[in-house]
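Here is how the chains run, residue by residue.
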Amino acid sequence: MRTARTAAAVIAAIALAAGCSSSGGKDSEDSGDGGAGGGKAVSTPRLKIAMVTHAGAGDTFWDIVQSGAEQAAAKDNVRFLYSNDKEAKGQAELVQSAIDKKVDGIVVSLAKPEAMKDVLARAAKAGIPVVTINSGSEFSKRFGALSHIGQDESVAGEAVGDELRGRGLKKALCVIHEQGNVSLEQRCAGVKKTFGGPVENLNVEGTDAPSAQSAIEAKLQAAKDIDAVVTLGAPIAAVAVQAREGAGSKAEIDTFDLNAEVVKRLKAKEVGFAVDQQPYLQGYLAVDELWLHAYNANALGGGKPVLTGPQIITEKDVPALEKYTARGTR
């Protein structure tokens, strides 16, 4: 029922938007061209919307989020401003900068929610609507956001635990690539809840691939009985594959999130499965919701999180997804 309600809200929002415009638009920051379609944007007043995330260098997940947001911005006559900082303090400062620019809406991720509490209160005081995405869903309403768009990280982790158990795996390593990120911790906790076997967390520096590879390789060499490695972001999956080879391990590599590289490795059977939370949809719906709110006082989800995942992706799904991952929208 929850999935059905979410799907209905998403379809209604897209239907309303489609009724007012065709897709497409101009280039770059002024219009946020997402690279699909052509035609004119809506005729509603020009809006300025900022997205501020906790993305680290080289994380392709956020490229896909940004692509979705830019496409919605092109359709909705929105000037789209994107910025990111993996450090919580820096992210909060970027949100304050958006407030100072008097934007019409803010999209923000809540990986380290307490660091964002005060600045989002200032956004509310300034009358700027906020939509949260990806992480920190349980803090979204408390911090005054219209809604949260993403997946329930605990539920996603539980789905992974179920899948690992169904594959007959016995001992798992859960690789956290950003220490202190509440969503990543929730994923590993979810895995532990349903897997049934031992699950050990390993913290690595996700923006330093050689260091992360060395840490995973050392763990696999020290614990030969690990037969499953769960990475929490698509770029780390490739790192884990290399670490497995270096350690001479036969552990199955599975990952959260999807990109072209993961699809390639699924096809080659170097990765067992991936958990897709549809980042393109997170970016698209967040910008579209802020436009809908300004145009029609809408709020997606009726105060509840709008779920975009999880969906388990295996090699059998590759033929249907390859063209979308290749263009950067899945």
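The present account deals with the structure reproduced in this document.

Parameters at a glance
Residues numbered from 1 in each chain as written. Predicted model: local features only at pLDDT ≥ 70, side-chain atom pairs only at ≥ 80, totals over all residues. Heavy atoms only, no water. Helix = DSSP H or I, 4+ residues; strand = E, 2+ residues; numbered from the N terminus. Buried < 20%, exposed > 50% of the residue type's maximum accessible area, 1.4 Å probe, protein only. Contact = heavy atoms within 4.5 Å. Areas by Shrake-Rupley, 256 points an atom, 1.4 Å probe, with all protein chains shown as cover. Phe/Tyr/Trp six-rings, centres within 6.5 Å; stacked < 30°, edge-to-face > 60°. Expected span 1.5 Å × (residues − 1). Pairing = 2+ DSSP bridges. Axes fitted to C-alpha atoms, helices over the stretch in contact; angles between N-to-C directions. Disulfide = S-S within 2.5 Å. Salt bridge = Lys/Arg side-chain N within 4 Å of Asp/Glu carboxyl O.

A few points about the overall build of the chain
Part 1 of the reasoning: Across its full length, the chain carries 13 helices and 12 strands.
Part 2 of the reasoning: Evaluated residue by residue, the chain yields a buried proportion of 52% over its 330 residues.
Part 3 of the reasoning: Pairs at least 24 residues apart make up 72% of the contacts formed inside the chain by residues separated by at least 6 positions.
Part 4 of the reasoning: Working note: accessible area of the chain is about 13900 Å², and carbon and sulfur atoms make up 51% of it.

Points about the packing of aromatic side chains
Part 1 of the reasoning: Inspection of the entire model under this criterion finds 4 aromatic pairs.
Part 2 of the reasoning: Ring geometry for phenylalanine 139 and phenylalanine 143: centres 5.9 Å apart, planes at 40°, overall tilted.
Part 3 of the reasoning: Ring centres of tyrosine 280 and tyrosine 284 lie 6.3 Å apart, and the angle between their planes is 25°; this geometry places the pair in the stacked category. With a gap of 4 residues between them, tyrosine 280 and tyrosine 284 both fall in helix 12 (residues 279–296), about one helical turn apart.
Part 4 of the reasoning: A relative accessible area of 18% places tyrosine 280 in the buried class.
Part 5 of the reasoning: Residue class for tyrosine 284 comes out buried when judged on its relative accessible area of 14%.

As for helix 4 (residues 88–100)
Part 1 of the reasoning: Between its first and last C-alpha atoms helix 4 spans 19 Å; for 13 residues at 1.5 Å apiece the expected length is 18 Å, and the two agree.
Part 2 of the reasoning: Within helix 4, the full set of buried residues consists of Ala88, Gly90, Gln91, Ala92, Val95, Ala98 and Ile99.
Part 3 of the reasoning: Elements that come into contact with the buried residues of helix 4 comprise strand 1 (47–53), strand 3 (105–109) and helix 5 (117–125).
Part 4 of the reasoning: Note on helix 4: the residue one or two positions beyond its end, lysine 102, has a positive phi of about 55°.

A word on the environment of aspartate 104
Part 1 of the reasoning: Turning to its location among the elements, aspartate 104 is positioned in the loop between helix 4 and strand 3.
Part 2 of the reasoning: As for aspartate 104 and isoleucine 128, which are separated by 24 residues in sequence, their C-alpha atoms are 6.0 Å apart.
Part 3 of the reasoning: Not counting residues up to four positions away in its chain, the partners in contact with aspartate 104 are Arg46, Leu47, Lys48, Ile128 and Pro129.

Side note on the sheet that holds strand 11 (residues 306–309)
Part 1 of the reasoning: Pairing in this open sheet of 6 strands is parallel, and the strands run 2-1-3-4-5-11 from one edge to the other. For this open sheet the edge positions go to strand 2 (78–84) and strand 11, each flanked by a neighbour on one side alone. When the angles between neighbouring strand axes are averaged without regard to direction, this sheet yields 20°.
Part 2 of the reasoning: For strand 1 and strand 2, the ladder comprises 7 bridges, and the chain directions are parallel. Note on strand 2: the bridge partner recorded for threonine 53 is asparagine 84.
Part 3 of the reasoning: Sheet strands touched by helix 3 (residues 60–75): strand 1, strand 2, strand 3 and strand 4 (130–133). Its angle to strand 2, the strand with the most contacts, is close to 165°.

Quick look at the state of the cysteines
Part 1 of the reasoning: Counted under the stated rule, the structure contains 1 disulfide.
Part 2 of the reasoning: Across the disulfide from cysteine 174 sits cysteine 188; the S-S distance is 2.1 Å. Here the S-S torsion is close to -90°, and the disulfide linking cysteine 174 with cysteine 188 is therefore left-handed. Of this pair, cysteine 174 sits in strand 6 (residues 172–176) while cysteine 188 is found in helix 8 (residues 182–195), placing the two residues 14 residues apart along the sequence. Cysteine 188 matches cysteine 174 in its accessibility class, with the two residues each being buried.

What about the pattern of salt bridges?
Part 1 of the reasoning: Per the stated rule, a full pass over the model turns up 17 salt bridges.
Part 2 of the reasoning: Of the charged contacts in the structure, one is a salt bridge between glutamate 153 and arginine 187, with a shortest N-O distance of 2.8 Å. On the criterion of sequence distance, the pair formed by glutamate 153 in helix 7 (residues 153–166) and arginine 187 in helix 8 is long-range, its members being 34 residues apart.
Part 3 of the reasoning: For glutamate 153, a relative accessible area of 3% translates into the label buried.
Part 4 of the reasoning: Residue arginine 187 is classed as buried on the basis of its relative accessible area, which comes to 3%.
Part 5 of the reasoning: Here lysine 171 ties to aspartate 225 by a salt bridge, and the two come within 3.2 Å at their closest N and O atoms. Taken together, the residues span a long stretch of sequence, with lysine 171 in the loop between helix 7 and strand 6 and aspartate 225 in the loop between helix 9 (209–222) and strand 8 (228–231) at a distance of 54 residues.
Part 6 of the reasoning: One network of salt bridges, with partners in common, ties together Lys75, Asp76 and Asp288.

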